[in-house]
Amino acid sequence: MKLLTFDEERDFPYYRHNPRLSKGVWLILLLLIPVSYICYILFSFDELLSSIIFCMVLLVPLLYFSNWDYKLIFQRPTKNEIILAFLMFVIYLAYSLLMASVLEMFQLMPTSPPVSSDITFVSLVSLLFSMMAEELLKFIPLMFFMRVFFKYTNKRNLSFVSSMIIVLVFFAFLHYDPSSTSIASVLLLQGLGSLVEMYGYAKTKNLLVPYMSHLFTDAFSFIIIMMGL
């Protein structure tokens, strides 16, 4: 007997032309990823504004090209999905603490962690938008590569797993900064660590599930930092 059940009728969007996105549309969506980062940096003088723009640059075009059918991406979270998101947060927290210990042992941890003065209430509000942007940064290439792999293999699960590996490595290196991080730290924490959220999306086909888990994680970290713990 399954403790948590989910809608088995849901499927991943786009990969089998459900709906169809043209090559030109995919190119635009992929190009918007670096554009969103540039906008985030340009408006970094206002933390909340930069996070909103970071999110909207990705979300609005994606919804537009999906004929505003938001249910392709988001569903109202069920009780089981909220529980799953919380469990994913707990699992990632335990995993990150373990990996932090291992990385610290080999002196591979980031050298400049945030301090309490860097985190404010506005930082917490900004997470509502920046965490959605980060999920879209994974979601858009995930669906693109899944479409490409499915076109040549006609195997859904293989296409998802292959796409996921590419996206996890890509997401890891988005966090790489030679001055303060190591390749090992980003691959293990942001890369492999995001496998938990990918699992949540694969089970529910609802991007709000990994979003909630990601939001719980970063909000918890920010609160701990604000408290000086």
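Quick caveat: nothing in here was measured; it's all calculated off a predicted structure.

1. Concerning the packing of helix α3 (residues 79–105) against helix α8 (residues 208–226)
Geometrically, a packed helix pair is captured by the angle between its two axes and the distance between the axes. At a closest axis distance of 8 Å, the pairing of α3 and α8 adopts a crossing angle of 45°. Judged on the interaxial angle alone, α8 and α3 are oblique. Between α3 and α8 lies a crossing of right-handed hand. The segment α3 lies against α8, with Glu 81, Ile 82, Leu 84, Ala 85, Phe 86, Met 88, Phe 89, Tyr 92 and Leu 93 engaging Val 209, Pro 210, Met 212, Ser 213, Phe 216, Thr 217 and Phe 220. Of the residues assigned to the contact of α3 with α8, the class counts are 13 nonpolar, two polar and one charged.

2. Considerations on the environment of Ile 140
Topologically, Ile 140 is positioned in helix α4 (residues 121–153). Counting along the chain gives 115 residues from Ile 140 to Val 25, while the straight-line C-alpha distance between them is 11 Å.

3. Some remarks on the nonpolar core
The nonpolar side chains of a soluble globular protein tend to be buried, and buried together. With 53 residues, the main nonpolar core has Tyr 14, Ile 73, Phe 139 and Met 143 as its most contacted residues. Only α1 (23–42), α2 (47–65), α3, α4, α5 (156–174), α7 (195–204) and α8 provide two or more residues apiece to this core. In terms of residue count, α4 provides more of this core than any other element does, 12 residues in total. Counting residues in hydrophobic clusters, the runner-up holds five residues, among them Tyr 92, Tyr 95, Leu 103 and Leu 189.

4. Here's the deal with the packing of aromatic side chains
In this structure the tally under the stated criterion is 19 aromatic pairs. Measuring from centroid to centroid gives 4.8 Å for Tyr 15 and Phe 150, while their planes differ by 85°, and the two rings are edge-to-face. Taken together, the positions of Tyr 15 in the segment before α1 and Phe 150 in helix α4 put the pair 135 residues apart, joining distant regions of the chain. Residue Tyr 15 is classed as buried on the basis of its relative accessible area of 3%. Note on Tyr 64 and Trp 68: the rings are 6.1 Å apart at their centroids and 75° apart in plane angle, and the pair reads as edge-to-face. An aromatic cluster is present here, built from Phe 12, Tyr 14, Tyr 15, Trp 26, Phe 139, Phe 144, Phe 145, Phe 150, Phe 160 and Tyr 201 joined pairwise through their rings. In this arrangement the basic side chain of Lys 138 is found over the ring face of Phe 171, its NZ or CZ atom lying 4.6 Å from the centre. Residue placement shows Lys 205 over the ring face of Phe 12; its charged tip is 4.8 Å from the ring centre.

5. Let's talk about α5
If you check α5, its first and last C-alpha atoms are 27 Å apart, about what 19 residues at 1.5 Å a residue would give, namely 27 Å. Regarding α5, the residues found buried are Ser 159, Phe 160, Ser 162, Ser 163, Met 164, Val 167, Leu 168, Phe 171 and Ala 172.

6. With respect to the packing of α4 against α7
Their axes nearest at 12 Å, the elements α4 and α7 cross at an angle of 60°. In terms of orientation, α4 lies oblique with respect to α7. Pair α4 / α7 crosses with right-handed handedness. Every residue of α7 that contacts α4 at Glu 135, Lys 138, Phe 139, Leu 142 and Met 143 is listed here: Glu 197, Met 198 and Tyr 201. For the contact of α4 with α7, the residue count by class is five nonpolar, no polar and three charged.

7. Topic: unusual backbone geometry
Each neighbour pair has its own omega, and for Asn 18 with Pro 19 the value is 0°, a cis peptide bond. The residue Pro 19 is located in the segment before α1 in this model. Phi at Gln 107 is positive, roughly 55°, even though this residue is not glycine.

Conventions used here
Residues numbered from 1 in each chain as written. Predicted model: local features only at pLDDT ≥ 70, side-chain atom pairs only at ≥ 80, totals over all residues. Heavy atoms only, no water. Axes fitted to C-alpha atoms, helices over the stretch in contact; angles between N-to-C directions. Helix = DSSP H or I, 4+ residues; strand = E, 2+ residues; numbered from the N terminus. Parallel < 35°, antiparallel > 145°, perpendicular 65-115°, else oblique. Left-handed = near helix turned anticlockwise from the far one by under 90°. Contact = heavy atoms within 4.5 Å. Nonpolar A, V, L, I, M, F, W, Y, C, P; charged D, E, K, R; others polar. Core = buried A, V, L, I, M, F, W, Y, C linked by side-chain atoms within 4.5 Å. Buried < 20%, exposed > 50% of the residue type's maximum accessible area, 1.4 Å probe, protein only. Phe/Tyr/Trp six-rings, centres within 6.5 Å; stacked < 30°, edge-to-face > 60°. Lys NZ or Arg CZ within 6 Å of the ring centre and 35° of its normal. Expected span 1.5 Å × (residues − 1).

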